Amino acid sequence: MEDTSPARTEASPAVIVARGAKKHYGPIRAVDGVDLEIGAGELFGLIGHNGAGKSTMFKMMLGLIPASAGEIRIDGAAVAGNGDFRAVRRKIGYLPENVVLYDNLTGLETLHFFARLKGVPTAGAPALLERVGLAEAARRRVREYSKGMRQRLGFAQALLGNPRILFLDEPTTGLDPEAIRSFYAILRQLKGTGVTTVITSHILAEIQERVDRLAIMTAGKIQACGTVQALREQMDLPLWFTVRVAPEDFAAVRAALGHLPVGAVEARDDHVAVQCRRDAKMAVIEALASLDGKVRDLTVREPSLEDVFFGFSD
């Protein structure tokens, strides 16, 4: 596995470090030798198929399950060590994939309950409910909450105590588009204060432009790690141009591109779709620019995170 991201600077030291982390359940290798570094203040994505080991890795980093081998350090403290890590754990917020709440409590009572468990003041609970959009539902029983409201309440409990590190496992499940936008706005605000966030999501388009870096996990291993753009370049997936021209100019477009290494030229309605290698991008643009104004519009589509994911995981 190659980390294609830029070298870490002294201004962004690693706050989460895994070295050869493993978790085996008999013959099942849920996590199988993970090496990973996540910098302070990063918004880091961990993606993979169901069963790839993401949730197991989360629980190991949180100290909820012990590693079979290897070492994990959070903010300099070994997760396996009780004394130092107990203090670090107070700085951590966690939202599990399937949050369990008490139906008979109100939203406010739920936050008070978790605040007492964490040993933090309950006074900040109303402000947290307002922050996640649940102020008006604060005194309603949780059994009356929708799935999205439950998820927002779970996020609020993860934010109790102003954590410096957040682990969020599928945090936008059940949220509508407006709530998702609000959720990521909160994460951006937290990032601005130096909070480190690790997030898993099955909705790749959702995190594509929002994470600083990400790791692709398959069968318990990290297959690739870096920025989305760095992973695109590492996979060397082709680009797609959409060239809008009049139908009578299709032939001119084909002729202009005839000497270039393009993989496909497809005419549809009033545009031509052109696939090309990444290293031919500028040559294609120059060839199209030479068509004396025949090109009415031009868009370039980079490979999506989904394309990159399947490229590494297949």
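Since we're looking at a predicted model, the values are computed, not measured.

Caption draft 1: Structural context of the nonpolar core. By size, the foremost hydrophobic cluster in this structure holds 49 residues, and its most contacted members are Phe155, Leu168 and Leu187. For this core, the element with the highest residue contribution is helix 6 (residues 177–192), accounting for seven residues. Not counting residues up to four positions away in its chain, the partners in contact with phenylalanine 155 are Leu95, Val132, Leu168, Phe183, Ile186 and Leu187. Among the nonpolar cores identified, the runner-up in size contains 32 residues, and Leu36, Met57, Val88 and Cys225 belong to it.

Caption draft 2: Seen up close, helix 8 (residues 228–235). Within the sequence span of helix 8, burial applies to Val228, Ala230, Leu231 and Arg232. Packing partners of the buried residues in helix 8 comprise strand 9 (213–218), strand 10 (221–226) and helix 11 (305–313). Immediately downstream of helix 8, the backbone of aspartate 236 shows phi near 55 degrees, a positive value.

Caption draft 3: Examining the packing of aromatic side chains more closely. Applying the stated criterion across every chain, the model contains six aromatic pairs. With 4.9 Å between their ring centres and 80 degrees between their planes, phenylalanine 183 and tyrosine 184 make a pair best called edge-to-face. A relative accessible area of 2% means that tyrosine 184 is categorised as buried. With a centroid separation of 5.3 Å and 65 degrees between ring planes, the pair formed by phenylalanine 309 and phenylalanine 310 is classed as edge-to-face. Here the aromatic residues Tyr102, Phe113 and Phe114 are joined through ring pairs into a cluster of three or more.

Caption draft 4: Region of the structure containing the layout of surface pockets. Estimates place the volume of the largest pocket at around 620 Å³. Taken together, 21 residues form the lining of the largest pocket, with Arg89, Ile92, Tyr94, Lys118 and Gln157 sitting closest to its centre. Those elements that place two or more of their residues in the lining of the largest pocket are helix 2 (82–89), strand 6 (92–95) and helix 3 (107–118). Considered class by class, the residues forming the lining of the largest pocket number 13 nonpolar, four polar and four charged.

Caption draft 5: Geometry of helix 10 (residues 281–289). Along helix 10, the residues that are buried comprise Val284, Ala287 and Leu288. For helix 10, the arc enclosing every buried residue in end-on projection is 95 degrees, short of the 170-degree limit, so these residues lie on one face. Facing away from the buried surface of helix 10 by more than 90 degrees, the exposed residues are Glu286 and Ala289. Lining the buried residues of helix 10 we find strand 11 (239–244), helix 9 (250–257), strand 12 (262–268), strand 13 (271–276) and strand 14 (297–301).

Caption draft 6: A look at the pattern of salt bridges. Under the counting rule described, the total for this entry stands at 13 salt bridges. For arginine 19, the salt bridge is made with glutamate 37, and the minimal N-O distance between the two is 2.3 Å. Here the residue arginine 19 occupies a position in strand 1 (residues 14–25), and glutamate 37 occupies one in strand 2 (residues 28–39), the gap between them amounting to 18 residues. The partly exposed category is assigned to glutamate 37, whose relative accessible area is 29%. The salt bridge partner of aspartate 307 is arginine 301, with a shortest N-O separation of 3.5 Å. On the basis of relative accessible area, aspartate 307 is assigned to the partly exposed category, the value being 31%. Residues participating in the shared-partner salt-bridge network are Arg29, Asp32 and Lys221.

Caption draft 7: Representation of the pairing of strand 8 (residues 196–200) in the model. The element strand 8 is extensively covered by neighbouring structure, given that five of its five residues are classed as buried. Residues of strand 8 alternate between two faces, with Thr196, Val198 and Thr200 on one and Thr197 and Ile199 on the opposite face, all of them buried. In this structure, strand 3 (residues 43–48) lies alongside strand 8, joined through four bridges in parallel fashion. Its bridge partner lying in strand 8, leucine 43 is registered against threonine 197. Sheet topology places strand 7 (residues 165–169) next to strand 8; five bridges connect them, and they run parallel. By the bridge assignment for strand 8, phenylalanine 167 is matched with valine 198. The β-α-β motif built from strand 7, the intervening helix 6 and the parallel element strand 8 has right-handed crossover chirality.

What counts as what
- Residues numbered from 1 in each chain as written.
- Predicted model: local features only at pLDDT ≥ 70, side-chain atom pairs only at ≥ 80, totals over all residues.
- Heavy atoms only, no water.
- Core = buried A, V, L, I, M, F, W, Y, C linked by side-chain atoms within 4.5 Å.
- Buried < 20%, exposed > 50% of the residue type's maximum accessible area, 1.4 Å probe, protein only.
- Helix = DSSP H or I, 4+ residues; strand = E, 2+ residues; numbered from the N terminus.
- Contact = heavy atoms within 4.5 Å.
- Phe/Tyr/Trp six-rings, centres within 6.5 Å; stacked < 30°, edge-to-face > 60°.
- 1 Å grid on protein atoms, 1.4 Å probe; cavity = no way out; pocket = protein on both sides within 12 Å on 5 of 7 lines; lining within 4 Å.
- Points joined across faces, edges and corners; volume = space filled by probe spheres on them.
- Nonpolar A, V, L, I, M, F, W, Y, C, P; charged D, E, K, R; others polar.
- Arc of directions from axis to C-beta.
- Salt bridge = Lys/Arg side-chain N within 4 Å of Asp/Glu carboxyl O.
- Pairing = 2+ DSSP bridges.
- Right-handed = clockwise from strand over helix to strand, strands pointing away.

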